[in-house]
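Here's the letter readout for the chains.
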Amino acid sequence: MEYKDYYKIMGLSRDATPEEIKRAYRKLARKYHPDVSKEANAEAKFKELGEAYEVLKDPKKKAAYDQVGRGWQEGQPFTPPPDWGFDFGVDQGFTGTQPGGGFSDFFEALFGGGFRRGRGGAYGRQMQGSDQLAKIQIDLEDAYRGADSLISLNMPQADSQGHLVSNVRTLNVKIPKGIKAGQRIRLAGQGMPGGGGGGSGDLYLEIEFKPHRYFRAEGRDIHLELPVTPWEAALGATVPVPTLGGAVEVKIPPGSQAGKQLRLKGRGLPGTPAGDQYVTLKIVAPSARTDEAKALYEKMAKVMPMNPRAAMGV
Amino acid sequence: MKNEIVVISGIVLDESMRFSLVELCDFAKASPDQVIEMVEEGVLEPEGTSVYTWRFDTHALKRLQIAMRLEQDLGVNLPGSALVLDLLEEMERLKR
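Counting starts from 1 at the beginning of each chain's written sequence and moves along it residue by residue. Here chains are named by letter from A upward and ligands by number from 1 upward, in the order in which they appear as written. Totals for whole chains, interfaces and linings use every residue, but because this is a predicted model, local features are given only for residues with pLDDT of at least 70 and side-chain atom pairs only at 80 or more, for both listing and counting.

1. Section: the overall build of chain A
We apply this condition: Each helix corresponds to a stretch of at least 4 residues labelled H or I by DSSP, and each strand to a stretch of at least 2 residues labelled E; elements are numbered beginning at the N terminus. A residue is called partly exposed when the number of other C-beta atoms within 10 Å of its own lies between 12 and 20, exposed at 12 or fewer, and buried at 20 or more, with C-beta atoms placed from the backbone. Contacts here follow a simple rule: the backbone-placed C-beta atoms of the two residues must lie within 7 Å.
Per the secondary structure count, chain A includes eight helices and eleven strands. Per-residue burial for chain A yields a buried fraction of 29% across its 314 residues. Taking as baseline every contact in chain A between residues at least 6 positions apart, the subset at least 24 positions apart corresponds to 61%.

2. Considerations on the overall build of chain B
If you tally the helices and strands in chain B, you get four helices and two strands. Each helix and strand of chain B, placed in order from N terminus to C terminus, yields the pattern β-β-α-α-α-α. Reported as C-alpha extents along the three principal axes, the dimensions of chain B are approximately 45 × 30 × 30 Å. Residues classed as buried in chain B amount to 29% of the 96 residues present. Considering only contacts within chain B whose residues lie at least 6 apart along the sequence, 56% involve residues at least 24 apart.

3. Observations regarding the packing of helix α1 (residues 21–28) of chain B against helix α3 (residues 58–74) of chain B
All names here are of chain B. Quick note on the threshold: Orientation is described by axes fitted as lines to C-alpha atoms, over the contacting stretch for helices, and by angles from 0 to 180 degrees between their N-to-C directions. Should an angle fall under 35 degrees it is taken as roughly parallel, and over 145 as roughly antiparallel, whereas 65 to 115 is taken as roughly perpendicular and any remaining angle as oblique. Crossings are classed by handedness, with left-handed meaning an anticlockwise turn of the near helix from the far one by less than a right angle and right-handed meaning a clockwise turn.
In contact at an axis separation of 10 Å, α1 and α3 are set at 50° when each is read in the N-to-C sense. With respect to α3, the element α1 is oriented oblique. In the crossing of α1 with α3, the sense of the turn from one axis to the other is right-handed. From α1, Leu24, Phe27 and Ala28 reach across to α3, where they touch Leu61, Leu64, Gln65 and Met68.

4. Remarks on the sheet that holds strand β7 (residues 221–228) of chain A
All names here are of chain A. Threshold: At least two bridges found by DSSP between two strands is the condition for calling them paired.
Pairing within the open sheet is mixed, and its four strands lie in the order β6-β7-β11-β10. Of all strands in the sheet, those with a lone pairing partner are β6 (215–218) and β10 (261–264), marking the two edges. On average, each strand axis in the sheet is inclined to that of its neighbour by 30°, with strand direction left out of account.

5. Some words on α3(B)
All names here are of chain B. The test is simple: Every helix has an expected span of 1.5 Å times one less than the residues it contains.
For α3, built from 17 residues, the straight-helix expectation of 24 Å at 1.5 Å per residue is met to within 8% by its first-to-last C-alpha distance of 24 Å. Ala60, Leu61, Arg63, Leu64, Ile66, Ala67, Arg69, Leu70 and Asp73 are the residues of α3 that are buried. One or two residues past the end of α3 sits Gly75, with phi positive at roughly 70°.

6. Quick look at the environment of Glu292(A)
As for its position among the elements, Glu292(A) is in helix α8 (residues 291–303). Taking C-alpha positions, Glu292(A) is 72 Å from Ser130(A), a pair spaced 162 residues apart along the chain.

7. Some details on the pairing of strand β4 (residues 184–187) of chain A
Sheet analysis places β4(A) next to strand β5 (residues 203–209) of chain A, joined by four bridges and oriented antiparallel. From the neighbouring strand, Arg184(A) faces β5(A), where its bridge partner is Glu206(A). Of the pairings in the sheet, the one linking β4(A) to strand β2 (residues 11–13) of chain B comprises three bridges and is antiparallel in character. Paired with Arg184(A) across the strands is Leu13(B), a residue of β2(B).

8. Things to note about the nonpolar core
Residue and element names in this part refer to chain B. For the record, the criterion: Residues enter a nonpolar core if they are buried, belong to Ala, Val, Leu, Ile, Met, Phe, Trp, Tyr or Cys, and are joined to the set through C-beta atoms within 7 Å.
Counting residues in each nonpolar core, the largest one holds 22 residues, and the members touching the most others are Leu24, Leu44, Phe56, Leu61, Leu64 and Ala67. Only α1, α2 (32–40), α3 and α4 (78–95) provide two or more residues apiece to this core. Top element by residues in this core is α3. It accounts for six residues. Here Phe56 is in contact with Arg18, Phe19, Leu24, Leu44, Pro46 and Leu61, once residues within four sequence places are set aside.

9. Observations regarding the sheet that holds β5(A)
In spatial order, the strands read β1(A)-β5(A)-β4(A)-β2(B); together these four strands make up an open sheet with mixed pairing. Each edge of the open sheet carries a strand with a single partner, namely β1 (132–138) of chain A together with β2 of chain B. The sheet shows a mean angle of 30° between the axes of neighbouring strands, taken without regard to direction.

10. Notes on the confidence of the model for chain B
Atomic detail in the predicted coordinates should be set aside for any region of low pLDDT. Rules: What pLDDT expresses is the predictor's confidence in each residue, scored from 0 to 100.
Taken residue by residue, chain B gives an average pLDDT of 89. The fraction at 70 or more is 93%. Reported confidence for the predicted complex is 0.78 by ipTM and 0.71 by pTM.

Here it is in structure tokens:
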């Protein structure tokens, strides 16, 4: 396991006062709180921060950490001294959100012996495990059809002696047809384990869609930018258009301009009511590569002169 | 480290769902007093006129859970939570 420099994680020097530790925690917790933060790695940072604060705010744990940690650098391979033993009081309990799982192996090795963790609970007393949150990214196609999705979660679990060990859990979760981005699935009893016979918390999965090559979802509606040729737009045409349910033929009305929006009713994500697909036309003009093509463009300029910038007064 | 496969399906918290006060407390592991206080502070806005007829939607469940975490992790009080939640939702709207 690797040594964790809790002072470095909190941006503090080793002689920081309790007030400085609290202030640093509050500041960083605001920055990385998973409900508020837009930082990509907020959950991991917040977890790390919570672990660092758990140790540094507690004079007993801090003293023990300072004693064992002398001379170590962040990330160095670490083994606790053979005579290591940390005695917890009976009122030790953890607070704070621990998204994605519990504390590091390093923490467990130093302080993890013989007690179980839960929100505001105490050692030996029955307590409910806390709820867990995870964001999962799924394909739009899976939301359209419904799917079984394998997700991996890092979760602490109590072993036979009641020690917490980190455990990768793979859950096969049913993604219901027609789920939308931002919607949550609640899996009862799949959150953090409880202690002293208390039940497990719940797991909430928040759905996000992976970016799609050409579809964009807004609620149950699907948006698509459809490239068309100038003659398809000007003369009208029936062209194939991809939808989540497969290609459909769509009639482009004659005289269409770029930006024109067509609505394909009920072709979005399923539901009551089902979403629609909105197709926005994008006119793509071929390059004039040959003399013949150039001549054609020149003829167009002569036959159909226009100033597309007239409205701009130029 | 070991792997175990568990096949599970949960319930989708969609916008048509409604919870009574008791159900909401059960879901969020909150106390009725906590929820009543949040309604009084405007963090939650249930349908219905009395505690007995209150109906909360899944949006309220999410707001309640975030408010509880903000209080626990950052020491944010209820008016502060209401402000944070409104700003977070405004940010979401602007992003779209």
